[in-house]
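# Residue-level structural notes
Now for the letters of each chain:
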Amino acid sequence: MKNEQVLDVCVIGAGVLGCAIARELSRYRLDAAVLERAHDVGEGSSKANSGLIHAGFHPRGGSLKGTSCVQGNAMYDELCRQLQVPFQRCGGIMAAFSEQGVEKLCEKAERGRINGIDCLEIVDGNQARAMEPRLSKHVVGALIAPTTGIISPFQLVLACAQNAHANGTAFEFGWEVERIEWIDGHWRLTAADGRSCRTKAVVNAAGDMAAPLETQVARCSYAVRPRLGEWVVFDKQNPADAIRHVIYQAADTDEGGVLVAPTVDGNLLVGPTSRNVRDFKEAASSAEGIAKVLRVGKKVIPDLDESKAICSFAGVRTNIVNVPKELKDFVVRVSAPRFVSTLGIKNPGMTSSPALAKRAVDLLRAEGMKLEPRNDFDPVRERYVPFLQRDAGEQARLLQHDPRYANVICRCEGITEGDVRAVMREPLPPSSITGLKHRLRCTMGRCQGGFCLPHVADIMADEMGCAPHDVPYAQDGGRFVKRTVK
């Protein structure tokens, strides 16, 4: 993007919501760009997502959070078909351990009804255990939510971005918006490194920076602070006794936020905790947090085997703190002329993102922005399928083209050298080892990179034209973090 180029619309932030908005905007004849301070998509809270598509019975009845969750949930079957993103409607079980807990189930069911869910059912403990035999014998009742699902959050963000990009949206990385000004009927955005552009409209989906950026154009009435969630990931499940539903609990203590869930890749996920931290960069798990996650997980699934835990991770959410808990909501609003802000988008933000994206575009339309549908919009994104997941005929063709597809470099996830090289040459390629991990799951398996990390670094270095020790390991905001790879 050339300096001082005039665009129709800029989206600030390439997380799950920013990329969903970008894809929605790419349906129209617009000169659009996404400005992201990191060097890849999904590098903020989106990369520490649970991968759950919530039914919508948790948020307050009638709230934007609740209604957009239900509306977004209903959009995922078609969305994932078009974008070829792994998605399963596994269903959810909210378990109660007491009569007080059963009362909470009734409250949740009523919230869900108000938000638009018509398929919730309350059953007794025996019926719940018939659905999940490993569920605790102390469960006395459960709320069943068939529309609950699981998804690959990494693939979802990437797919929305790649599809928007294929339909003409520009992505600018390392573009940290520092200053916003209204000049001669346009918004002028200036980056921390001095680059600038002008645009007719802005959608502020900057996550932890959304509120500070909004203060440059209007009085921001919300105080947004970081809140940390910690998770434990277990090895891939044995199909014979696998947990198949997302299991919540209606707890009588502060344990209620911890859940047990399968993933689309076959692992088991337990968490999260929820505690305030001082800084949005303070995304590290703690011994206390992991201990709590495991303790509560075993309350729900007593035979949960801690020895099969392979890693932990943490993510920081944007939490509005100057509003009472029961009145908190997602905020998607017009902050200034043709300037839409999204604030406090935390769980279930990923579920809600398709509906919130449409809302953001509708607000731009209401602001007078001309939105002319494109006849050539292509909603389909072709997902890269790893070599070992293809049929024999496809494998033979790929091997004839490049014998490096036969070199398995990630044993846990079945990824070959040819896969890594192919993904490095895709649109919006990874710029770090973690970025490659999000696309192919290298270093995400049982060995956590013990075998594949040096091979990944060597191949990426060859593709990037640098030494292996210069391949960035991860990103922290807009900065690269290196780790020596021997």
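Figured I'd write up the structure that's included with this text. Computed from a predicted structure; not experimentally measured.

Let's shift gears to the environment of aspartate 265. Turning to its location among the elements, aspartate 265 is positioned in the loop between strand 15 (259-262) and strand 16 (268-271). On the accessibility criterion, aspartate 265 (30% relative accessible area) is partly exposed. Measuring from C-alpha to C-alpha, the distance between aspartate 265 and tyrosine 76 comes to 18 Å, with 189 residues separating the pair along the chain. Setting aside residues up to four positions removed in sequence, aspartate 265 forms contacts with Lys236 and Arg441.

Within strand 7 (residues 141-145), five of the five residues are buried, which leaves the element mostly enclosed by the surrounding structure. Pairing geometry for strand 6 (residues 121-124) and strand 7, over four bridges, is antiparallel. Looking across to strand 7, one finds that isoleucine 122 is bridged to leucine 143.

Here we take up the packing of aromatic side chains. In total, this model carries seven aromatic pairs according to the counting rule given. Geometrically, the ring pair formed by tryptophan 182 and tryptophan 187 is edge-to-face, given 4.8 Å between the ring centres and 65 degrees between the ring planes. Among the residues examined, tryptophan 182 registers a relative accessible area of 40% and is labelled partly exposed. Its relative accessible area of 4% is what places tryptophan 187 among the buried residues. Grouping aromatic residues by their ring pairs yields a cluster made of Trp182, Trp187 and Phe339. The side chain of arginine 390 reaches across the aromatic face of tyrosine 384, ending 5.1 Å from its centre.

In this structure, the second largest pocket occupies an estimated 340 Å³ of space. In this structure, the second largest pocket is lined by 18 residues; those nearest its centre are Pro86, Asp265, Arg383, Gln389 and Arg441. Listing elements by their share of the lining of the second largest pocket, those giving two or more residues are helix 5 (153-166) and helix 11 (433-440). With three residues, helix 11 is the single largest residue contributor to the lining of the second largest pocket. Residue classes in the lining of the second largest pocket are distributed as eight nonpolar, four polar and six charged.

Turning to the nonpolar core, a few remarks are in order. Nonpolar side chains in soluble globular proteins tend to end up buried together. One finds Val9, Ile21, Tyr76, Ile151, Leu156 and Phe171 to be the most contacted residues of the largest nonpolar core, which totals 48 residues. Of all the secondary-structure elements, those providing two or more residues to this core are strand 1 (6-12), helix 1 (16-25), strand 2 (32-36), helix 2 (64-83), helix 5, strand 12 (196-204) and helix 8 (349-366). In terms of nonpolar packing, the next biggest core, distinct from the first, is built from 26 residues, Cys10, Ile12, Leu189 and Cys220 among them.

Moving on to the sheet that holds strand 4 (residues 87-88). Ordered in space as 3-8-4, the three strands form an open sheet in which the pairing is antiparallel. A single partner strand is all that each edge strand has here, and the edge strands are strand 3 (52-53) and strand 4. In this sheet, strand 8 (residues 149-151) lies alongside strand 4 in antiparallel orientation, the contact comprising two bridges. Within the sheet, the bridge partner assigned to glutamine 88 lies in strand 8 and is isoleucine 150.

We now examine unusual backbone geometry. Put simply, glycine 271 and proline 272 share a cis peptide bond, and its omega is -5 degrees. Along the chain, proline 272 turns up in the loop between strand 16 and strand 17 (275-276). Cis peptide bonds are those with omega within 30 degrees of zero, and the linkage from asparagine 347 to proline 348 qualifies with 5 degrees. Structurally, proline 348 can be placed in the loop between strand 20 (339-343) and helix 8. Located in the positive-phi region is leucine 428, a residue other than glycine, with phi close to 55 degrees. Despite not being glycine, threonine 443 shows a phi value in the positive range, around 70 degrees. Residue position: threonine 443 is located in the loop between helix 11 and helix 12 (453-464). Relative accessible area serves as the criterion here: at 7%, threonine 443 is assigned to the buried category.

Reading the values: rules and limits
Residues numbered from 1 in each chain as written. Predicted model: local features only at pLDDT ≥ 70, side-chain atom pairs only at ≥ 80, totals over all residues. Heavy atoms only, no water. Helix = DSSP H or I, 4+ residues; strand = E, 2+ residues; numbered from the N terminus. Buried < 20%, exposed > 50% of the residue type's maximum accessible area, 1.4 Å probe, protein only. Contact = heavy atoms within 4.5 Å. Pairing = 2+ DSSP bridges. Phe/Tyr/Trp six-rings, centres within 6.5 Å; stacked < 30°, edge-to-face > 60°. Lys NZ or Arg CZ within 6 Å of the ring centre and 35° of its normal. 1 Å grid on protein atoms, 1.4 Å probe; cavity = no way out; pocket = protein on both sides within 12 Å on 5 of 7 lines; lining within 4 Å. Points joined across faces, edges and corners; volume = space filled by probe spheres on them. Nonpolar A, V, L, I, M, F, W, Y, C, P; charged D, E, K, R; others polar. Core = buried A, V, L, I, M, F, W, Y, C linked by side-chain atoms within 4.5 Å.

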